[in-house]
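Architecture at a glance
Residues per chain are reported as follows:
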Amino acid sequence: MVCIGLYWFALVCTGFGAEQVLPSPAVWCQAQSGTRSYGPVFEEQPSHTLFPEGSAEEKVTLGCRARANPPATYRWKMNGTELKLEPDSRYRLVAGDLVISNPVKAKDSGSYQCVATNSRGTVVSREASLRFGFLQEFSAEERDPVKITEGWGVMFTCSPPPHYPGLSYRWLLNEFPNFIPADGRRFISQTTGNLYIAKTEASDLGNYSCFATSHMDFITKSVFSKFSRLSLAAEDARQFPPSIKARFPADTYALAGQLVTLECFAFGNPVPRIKWRKLDGPQSSKWIGSEPLLQIQHAGFEDEGTYECEAENAKGRDTHQGRIIIHAQPDWLDVISDTEADIGSDLRWSCVASGKPRPTVRWLRDGQPLTSQNRIEVSGGELRFSKLVLEDSGMYQCVAENKHGTVYASAELTVQALAPDFRLNPVKRLIPAARSGKVIIPCQPRAAPKATVLWTKGTELLVNSSRRLDSMIQICCCFPEFYQWEFPNAQHEQIFYPSFVWLLSLCRVTITADGTLILQNISKSDEGKYTCFAENFMGKANSTGILSVRGPPGPPGGVVVRDIGDTSVQLSWSRGFDNHSPIARYLIEARTLLSSQWKQMRTNPVNIEGNAETAQVVNLIPWMDYEFRVLASNILGIGEPSLPSSKIRTKEAAPTVAPSGLGGGGGAPNELIITWTPTLRDYQNGDGFGYIVSFRRKGSQEWLRARVPHAESLHFVYRNESIAPYTPFEVKIKAYNRKGEGPESLTATVYSAEEEPKAAPYRVTAKSVLSSEMDVSWEPVEQGEVTGVLLGYEIRYWKDGDKEEAADRVRTAGLVTSAHVTGLNPNTDYHVSVRAYNRAGTGPPSPSTNVTTTRPPPKRPPGNISWTFSGSTVSIKWDPVVAKADESAVTGYKMLYRQDSHSAPTLYLASKSHIDIPIPEDFTHAFVQIRVTGPGGDGTPAEVHILRNSGTSMMVEDSGTRPAPHIVVITTNSLLMVALISSLEL
């Protein structure tokens, strides 16, 4: 293998071979020139045109103008066929406009399209129709007279003559211009032209003529029919209910954004009133118009639905319903735009249109239909190119159409083949970088196809650290002396290496897919000239920048402390190195003997400018040992700190903070105990630190003061025989040192020592609950007899024959007046008394009361358990348990039933020794526990496993005493109670 050259290797890697066809010289010259050419872009397109027959105008002009460079030439199509614009033809071209002289309906009515072309491509305009407007005369035949009973309704038919476009209608009565007004009794349909009279009156006698008007752009023409005479028969006019005669269609189709009109008019006597409603939604705020008309401005899809017209008078009502269905012309949601793409690349274009019905999308290239072929795939609104070639350049259009219209979108595709060019985007000339930071150097020449990029630092090739070296480079590394490497810069220098390329660092260099060079963990050795070489099959180019490594400033030196005060000092220092970036500001940090952690300090000035070498440090703690250090910063960050200054101690000052945590209370009789939180060293401010306590009885005017030396002190005890129990005192505290006294704290209330309660609870009752439990209740003592804060009550209970001193004790907390006592012996007499207690102790006992616990439940479990199945029920029986003389009576049985180990258990209560349990059809087995229950509690359970094919007990065991279940829900009848419980065990 021979290393031919660096750029050959790059071309092989990117897949460009010698077989690539170069662009023609003309295309190459155009690409390199400064002028910009572009394909036609319509600025004016033909519009639908209505030409009145018989007009004095002698021509029709369809406009077309396109912006293009070079300028566009124009052609026209009629009904898809290109027009021949010959000198003696009635068709001529004026700029891009098509002018038709003496237009004739038979020859010129149709659809027209403008075609604009230049050397970049061709586009076609939207289609525009040319139609001819006309209005013929009414028939000359006489119209039949109409005779009707007065008070009845009547309709006159207009039967307009042939016409285009639509007409507006009015009616004449007897003579011109006596037009019939539109009122609630008479209505002229603008759909059919018919005249409706809901209830005829004597004033309606006369001759009627339909007056039709056509509005054709700049011409208005009107015609009127022969007269039809109305005569009325005189009879007693009777009233009759409404009958709707003018009805809107069952389905009315309209385009979104247009005005929708529904007509509804009824005969009736009295004249009916017309009301409108939407049956499947709210009334729109866009409704306008008078009673016979419902008009919706700018209709939208929300206006679709079923509408009802109701005609009503005193004799009845009539209704008519119909739907409004909204359609929409195509409208672009996403269109193509002019695109420049590299030769050999892929391209995807998309056009998306809305509309109803859903539009179809087709594609044109240079005005011709485009279908899937070779590298081009057409799929509805998507157009995909694979590996673009120069011949793909041109003008493209996507066309969306439904039965209501067509929209066009155009864009130019330019496939580029350009040699790399750095003139618009060179490598940055000067590249600053932060030490230990990261620098990103883009290499983005204009090139098509995308250029292969290589980077050098000076004469060293930089290799991407994340990319494996291929075998060719490995061979060249082994035998560097045999290879000559040519770097294609402007001078075409040949550089010979005594050894192959050094990698800058295997872990610090990244060259991204777009050619961007990223250097990590920058150091001073990375400074130098960096060059990006770019090449494709069209040519090569390079661009160079110089990297300058900068960093945060070095440490300042010579930190000196002077002018030491109680809360401030003056610092000075000398400047350190700025490391190629000016020092912006300084920071000052300090630490105390209480903490080894450095903290930023407040200074004067607040912001220390980069040219300063002295500053005052403020807000220091008096009588505190400090060390200081200075740090400099610039735009690249904060530098290393200076060496610490020598230790100094700020001057002393009087305390500035009052001690916290002021409180107290308790102690022996005739004592007042005051407590506080000792002040930390940070707030002592000087030597000789202590506390001054002030106190007085609440309501007294004179304060007593006491000095308590030592910072560690945390309480003061005042003894005086005159202090009554639980007397409130006002107390406050402040600190002092040898520089003076500090501020006083807020006043707090502290009570002197308490005394045991003087009164006993009364009306004490005790009731046995189970064989080992009882409930005790009492009436509370009065608060005024507690002489302190009542903490609760103490219940003492002892067996009959024992002394009270041997009593067991249970204490309650707070103001509760009952307690539940457990752990008693069955069938035993007890004495019970209750006392109040506070922090000073317990008060006198209440008179004792007596209680006898119940006998224990029978210990024997039920035996001889058996069961039988009957349909959806299992019947379970067992031998009754009979209580002994020293046991409590049996009042019933508890059975815990569970289908399996995963299902929730069910508790059944039975008064006799049998029970019927409902079971599911797929029952196979169940687990059951049965035990007695009574006033002494629950007995020992018997456990059994019930099987479908067995009727005797599979297992009976004495499970010992187990805790009673927690019952969640319970229902009751005469023999059976059912409850869901939280555990299988009883």
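For every chain, the first residue of its written sequence is number 1, and the numbers climb from 1 along that sequence. Residue-level local features of this predicted model are given only where pLDDT is at least 70; pairs of side-chain atoms are given and counted only at 80 or more, and the full residue set underlies all totals for whole chains, interfaces and linings. Heavy atoms from the whole structure form the basis of all side-chain values; hydrogens and water molecules are not counted.

**Looking at the overall build of the protein**
When helices and strands are tallied, the protein shows 4 helices and 86 strands. Working definition: with a 1.4 Å probe on protein chains only, accessible area under 20% of the residue-type maximum means buried, over 50% means exposed, and in between means partly exposed. For the protein, the residues scored as buried account for 45% of the 986 residues in total. Only heavy atoms matter for contacts: two residues are in contact if any of them lie within 4.5 Å across the pair. For the protein, restricting intrachain contacts to residue pairs at least 6 apart in sequence, the fraction spanning at least 24 positions comes to 65%. Methods summary: accessible areas were calculated by the Shrake-Rupley approach with a probe of 1.4 Å, and residue burial reflects only the protein chains presented. With an accessible surface of roughly 51100 Å², the protein has 51% of that area assigned to carbon and sulfur atoms. Only runs of H or I of at least four residues qualify as helices and only runs of E of at least two qualify as strands under DSSP, and these elements are numbered from the N terminus.

**Structural notes on the sheet that holds strand E47 (residues 509–511)**
Strands sit in the order E41-E48-E47 across an open sheet of 3 strands; the sheet is antiparallel. The open sheet is flanked by strand E41 (439–441) and E47, the only strands paired with a single partner. With direction set aside, neighbouring strand axes in the sheet form an average angle of 15 degrees. Two strands are said to pair when DSSP picks up at least two bridges between them. Simply put, an axis is a line fit to the C-alpha atoms, just over the touching stretch for a helix, and the angle between two N-to-C directions goes from 0 to 180 degrees.

**Considerations on the state of the cysteines**
Note that a disulfide, as used here, is simply two cysteine sulfur atoms within 2.5 Å. Enumeration over the complete set of coordinates arrives at 5 disulfides. The disulfide partner of Cys 351 is Cys 398, and the gap between their sulfur atoms is 2.0 Å. With the S-S bond torsion at -60 degrees, the cross-link from Cys 351 to Cys 398 turns out left-handed. Here Cys 398 lies in strand E37 (residues 394–402) and Cys 351 lies in the loop between strand E31 (347–350) and strand E32 (352–356), a separation of 47 residues in the sequence. For the residue pair Cys 351 and Cys 398, the accessibility class agrees, reading buried in each case. Between the sulfur atoms of Cys 443 and its disulfide mate Cys 532 the distance is 1.7 Å. Looking down the S-S bond of the Cys 443 and Cys 532 bridge, the torsion is -65 degrees, so its handedness is left-handed. Residue Cys 443 is found in the loop between E41 and strand E42 (446–448), and its partner Cys 532 is found in strand E49 (residues 528–536); the two are separated by 89 residues along the sequence. One exposure class covers both Cys 443 and Cys 532, and it is buried.

**A few points about unusual backbone geometry**
Looking along the chain, the bond that leaves Asn 69 and enters Pro 70 is cis, with omega of 0 degrees. Of note, Pro 70 is situated in the loop between strand E4 (65–69) and strand E5 (73–78). With an omega of 0 degrees, the peptide bond running from Ala 448 to Pro 449 counts as cis. Here Asp 563, not a glycine, exhibits a phi torsion of approximately 50 degrees, which is positive. When you line up the elements, Asp 563 lands in the loop between strand E51 (557–562) and strand E52 (569–574). A relative accessible area of 55% means that Asp 563 is categorised as exposed. Located in the positive-phi region is His 580, a residue other than glycine, with phi close to 70 degrees.

**Re the side chain of Glu 310**
Here Glu 310 is to be found in strand E28 (residues 305–313). Under the relative-accessibility criterion, Glu 310 is labelled buried at 6%. Sequence-distant contacts of Glu 310, that is, excluding residues within four places in its chain, are made with Arg 273, Ile 274, Lys 275, Arg 277, Arg 317, Asp 318 and Thr 319.

**Some points on the confidence of the model for the protein**
Of the residues in the protein, 88% reach a pLDDT of 70 or more, and the chain-wide mean stands at 87. A score between 0 and 100, pLDDT records how confident the predictor is in each residue. For the stretch residues 1–34, pLDDT sits under 50, and the model shows 46 contacts to residues farther than four places along the chain or on other chains. Below pLDDT 50 for its whole length, residues 951–986 participates in 92 contacts with residues either more than four positions away or in separate chains.

**Structural notes on the pairing of strand E8 (residues 97–101)**
Consecutive side chains along a regular strand alternate between the two faces of the sheet. With 4 bridges joining them, strand E3 (residues 59–62) and E8 adopt antiparallel strand pairing. Counterpart to Lys 59 in the pairing with E8 is Ser 101. As judged from the 4 bridges shared by strand E7 (residues 91–94) and E8, these two strands associate in the antiparallel manner. Residue pairing in the sheet places Tyr 91 in a bridge with Ile 100 of E8. Between E7 and E8, which follow one another and run antiparallel, lie 2 residues, and Ala 95 among them has a positive phi close to 55 degrees.

**With respect to the packing of aromatic side chains**
Working definition: an aromatic ring pair is given by the centre-to-centre distance plus the angle between the planes. Pairing of aromatic rings covers Phe, Tyr and Trp, the last counted by its six-membered ring, and requires centre-to-centre distances within 6.5 Å; plane angles under 30 degrees mean stacked, over 60 mean edge-to-face, and any other angle means tilted. This structure, assessed with the given rule, holds 29 aromatic pairs. Their ring planes at 70 degrees and their centres at 5.5 Å tell us that Trp 349 and Tyr 396 sit as a pair that is edge-to-face. Separated by 47 residues along the polypeptide, Trp 349 in strand E31 and Tyr 396 in strand E37 bring together distant segments of the chain. We classify Trp 349 as buried; its relative accessible area is 5%.

**Focus: the sheet that holds strand E17 (residues 195–197)**
Backbone-to-backbone hydrogen bonds pair the strands of a sheet. The strands run either parallel or antiparallel. Pairing is antiparallel in the open sheet, where 3 strands are placed in the order E13-E17-E16. Strands with a single pairing partner mark the edges of an open sheet, and in this sheet they are strand E13 (154–156) and strand E16 (186–188). Strand after strand, the sheet turns through a mean of 15 degrees between neighbouring axes, direction not considered. As defined by bridge partners, E13 adjoins E17 across 3 bridges and the pair is classed as antiparallel. Each residue of the ladder has a partner; that of Met 155, found in E17, is Tyr 196.

**Some words on the environment of Lys 105**
Its place among the elements puts Lys 105 in helix H3 (residues 105–108). Between the C-alpha atom of Lys 105 and that of Phe 51, which follows or precedes it by 54 residues, the distance is 9.0 Å. Residue contacts for Lys 105: discarding those within four places in its chain leaves Glu 53, Phe 132 and Phe 134.

**Some points on the nonpolar core**
Most often, soluble globular proteins keep nonpolar side chains buried together rather than apart. The nonpolar core is taken to be a set of buried Ala, Val, Leu, Ile, Met, Phe, Trp, Tyr and Cys residues, with the residues joined through side-chain atoms within 4.5 Å. Formed by 26 residues in total, the largest nonpolar core has its most connected members in Trp 332, Trp 349, Trp 363, Leu 383, Phe 385 and Leu 413. Counting residues per element, the ones that place at least two in this core are E31, strand E36 (382–385), E37 and strand E38 (405–416). No other element matches the 5 residues that E38 contributes to this core. Every residue in contact with Leu 383, bar those within four places of it in the chain, is listed here: Leu 347, Arg 348, Trp 349, Trp 363, Leu 370, Ile 376, Glu 377, Val 378 and Tyr 396. Residues Cys 443, Ala 451, Val 453 and Tyr 530 belong to the second largest nonpolar core, which totals 23 residues.

**Topic: a nonpolar patch on the surface**
A cluster of nonpolar side chains, namely Val 657, Leu 680 and Tyr 683, defines an oily patch on the protein surface of about 280 Å² accessible area. On the basis of relative accessibility, which here comes to 55%, the residue Leu 680 falls in the exposed class. Exposure above 30% relative accessible area and the lack of any salt bridge qualify a residue for a patch; like charges then connect within 9 Å, and the nonpolar side chains Val, Leu, Ile, Met, Phe, Trp and Tyr within 5 Å. A carboxyl oxygen of Asp or Glu within 4 Å of a side-chain nitrogen of Lys or Arg is what we treat as a salt bridge.

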